[in-house]
Amino acid sequence: MKKKLLSAILSMTMVAALLAGCGSTAADTAEPAAAEEEAAPAEEEAPAAEEEAAPADDAAEDTAAEETAAPSEGLKVGVSMPTKDLQRWNQDGANMEKELTEAGYEVDLQYASNDVQTQLSQVENMISSGCNVLVIAAIEGSSLGEALDMAKESAIPVIAYDRLLMDSDAVSYYATFDNYMVGTVQGTYVKDTLDLDNAEGPFNIEFTAGDPGDNNAGYFFNGAMDVLKPYIDEGKLNVVSGQKTFEEVATPTWATETAQSRAENILSSFYADGTNVDVWLCSNDSTALGVENALAANYNGSYPIITGQDCDIENTKNMIAGKQSMSVFKDTRTLASQVVKMVGQILKDETVDVNDTETYNNNVITVPSYLCEPVFADANNYKEILIDSGYYTEDQLK
Ligand code: BGC
């Protein structure tokens, strides 16, 4: 009953947030006044990229349209994505390409097969082939230093996309979802579903986190841990494997197979005697999938609460089938629109829309950031947030 009520409240809040969109959630985020002041005039002065794009398709429409379309003409944007292996980056890349093209830019979109050297040379090529702005979702935040130096020498602005670029002063802006909030949404879901403040417990829990080379992974893990640690400390949550530091539970490159084999080891070492695992806190969907595969083949106890992030198709199907409890939806269309808007503002020398100027320090500078708001998803609200919004068709989830 309580679970249903919580779900309903979360769904309503989250759907409201989703409908409100990325732009308006910025105002809800408590950020320094300066950042908001900075952001406001930009919104008024700079028409959104989509608005500019529409008239460009029909150049004869009116003179004003021609004038607004002109600035993107002949300009090229390099978009560097980490891998096609994980679903979300295919969507991110496709959305970026579509929106940038509609806004009149030439686009150089590259995927780096999760290989750092490949990404490095792809970005260097983008610079030498004359890209005017770079948008980079790094495989490893701190491995693109040489390319970033090159961009800086050529005065090419760089936007870090979803993952922060580390250890460099050549990063102009960062656009992402509120990564810490992703973790707190996951942790709070576990806390509320188990009713940790009132239930006697103890409950058994395991953790699976993300890639240590991805700056986001620590934010996700810490967000969840900050909610759950008090219950671990008081003994209400029991980490049976004893593995509870980020280093112990991390998953290099977020690989499903790696998460799966670690989960298999844990299940055979600590749960083969019939001990139940009540919760498996997973930082995202690709790792949750590994844990779900491991449970399917190696576990007969009562099925645990499993968290995730991204609402990947396989995981959404698993949510519908009761094999994953929730996910955190990060609408890649929202992020792409925001980044395309930033690209336009940068190239037109306008104030760039940011809503956080404090959180994301990359060890050299604090990068002005735009944080979109992540949205809670589960089997009760997925239709509204994923199908009604046009993100997936019903057929894709069958
Ligand atoms: C993204 C997540 C994604 C993960 C693996 C992170 O940087 O923020 O949305 O699940 O990478 O691709």
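Remember, it's a predicted structure, so these values are computed and weren't measured experimentally. (Residues numbered from 1 in each chain as written. Predicted model: local features only at pLDDT ≥ 70, side-chain atom pairs only at ≥ 80, totals over all residues. Heavy atoms only, no water.)

Undergrad: For the packing of helix H6 (residues 116–128) against helix H7 (residues 145–153), give the residues involved together with the corresponding values.
TA: Running from N to C, H6 and H7 cross one another at 10 degrees; their axes reach a closest spacing of 9 Å. Judged by the angle between their axes, H6 and H7 are roughly parallel. Residues Leu120, Val123, Glu124 and Ile127 of H6 form the contact with H7, whose participating residues are Glu146, Ala147, Met150 and Ala151. (Axes fitted to C-alpha atoms, helices over the stretch in contact; angles between N-to-C directions. Helix = DSSP H or I, 4+ residues; strand = E, 2+ residues; numbered from the N terminus. Parallel < 35°, antiparallel > 145°, perpendicular 65-115°, else oblique. Contact = heavy atoms within 4.5 Å.)

Undergrad: Let's hear about the environment of Asp167: which residues, and what values?
TA: Here Asp167 shows up in the loop between strand S4 (158–161) and strand S5 (173–177). Classification of Asp167 by relative accessible area gives partly exposed; the value is 41%. On a C-alpha basis, the gap between Asp167 and Val364 in space is 5.5 Å, while along the polypeptide they are 197 residues apart. When sequence neighbours within four positions are dropped, the list of residues in contact with Asp167 reads Ser142, Asn362, Asn363 and Val364. Among the polar contacts listed, one links the side chain of Asp167 to the side chain of Asn363, at a separation of 2.7 Å. (Buried < 20%, exposed > 50% of the residue type's maximum accessible area, 1.4 Å probe, protein only. Polar contact = N/O pair within 3.5 Å; in protein donor to acceptor, adjacent residues only side chain to side chain.)

Undergrad: Summarise helix H12 (residues 285–298); cite the residues concerned and give the values.
TA: End to end, H12 covers 20 Å across 14 residues, agreeing with the expected 20 Å (1.5 Å per residue, within 8%). Buried residues dominate H12, accounting for 10 of its 14 residues. Those residues of H12 hidden inside the fold are in contact with strand S6 (203–208), helix H11 (256–271), strand S8 (279–282), strand S9 (305–306), helix H13 (313–320) and strand S10 (326–329). (Expected span 1.5 Å × (residues − 1).)

Undergrad: Now, about the sheet that holds S5: what can you tell me, with residues and values included?
TA: Neighbouring strands of a sheet are bound in pairs by backbone hydrogen bonds; such pairs are parallel or else antiparallel. Within the open sheet, the six strands sit side by side as S2-S1-S3-S4-S5-S11. Their pairing is parallel. A strand with exactly one partner marks an edge of an open sheet, and here the two such strands are strand S2 (106–111) and strand S11 (369–372). Pairs of neighbouring strands in the sheet enclose a mean axial angle of 15 degrees, with direction left out of account. As paired strands, strand S1 (residues 76–81) and S2 are joined by six bridges and run parallel to one another. Residue pairing for S2: Val79 is matched across the bridge by Leu109. H6 rests against S1, S2 and strand S3 (133–136) of the sheet, and its axis sits at about 180 degrees to S1. (Pairing = 2+ DSSP bridges.)

Undergrad: Got a sec to walk through the pairing of S3? Specific residues and values, please.
TA: Of the two faces of S3, both are covered, the one formed by Val133 and Val135 as well as the one formed by Leu134 and Ile136. Of the pairings in the sheet, the one linking S1 to S3 comprises four bridges and is parallel in character. Its bridge partner lying in S3, Gly78 is registered against Leu134. The sheet contact formed by S3 and S4 spans three bridges and is parallel. Along S4, the bridge assignment pairs Leu134 with Val158. Handedness of the crossover joining S3 and S4 through H7: right-handed. (Right-handed = clockwise from strand over helix to strand, strands pointing away.)

Undergrad: So what's going on with the packing of H11 against H12? Residues and values would help.
TA: It is at 7 Å that the axes of H11 and H12 come closest, and there the two elements cross at 40 degrees. Relative to H12, the element H11 lies oblique. Every pair of crossing elements has a handedness; the one defined by H11 and H12 is right-handed. For the pair H11 and H12, contact is made by Thr256, Ala259, Gln260, Ala263, Glu264 and Leu267 and by Ser286, Thr287, Leu289, Gly290, Val291, Asn293, Ala294, Leu295 and Asn298, respectively. (Left-handed = near helix turned anticlockwise from the far one by under 90°.)

Undergrad: Describe in detail the pattern of salt bridges, supporting the description with residues and values.
TA: Overall, the coordinates contain 11 salt bridges when judged by the stated rule. Here Lys317 and Glu314 are joined by a salt bridge, their closest N and O atoms 3.8 Å apart. Taken together, the residues Lys317 and Glu314, both in helix H13 and three residues apart, mark about one turn of the helix. Using a relative accessible area of 25% as the deciding quantity, one classes Lys317 as partly exposed. Taking relative accessible area as the criterion, Glu314 reaches 42% and is therefore assigned partly exposed. In the salt-bridge network here, residues are joined through shared partners; they are Arg88, Asp92 and Asp162. (Salt bridge = Lys/Arg side-chain N within 4 Å of Asp/Glu carboxyl O.)

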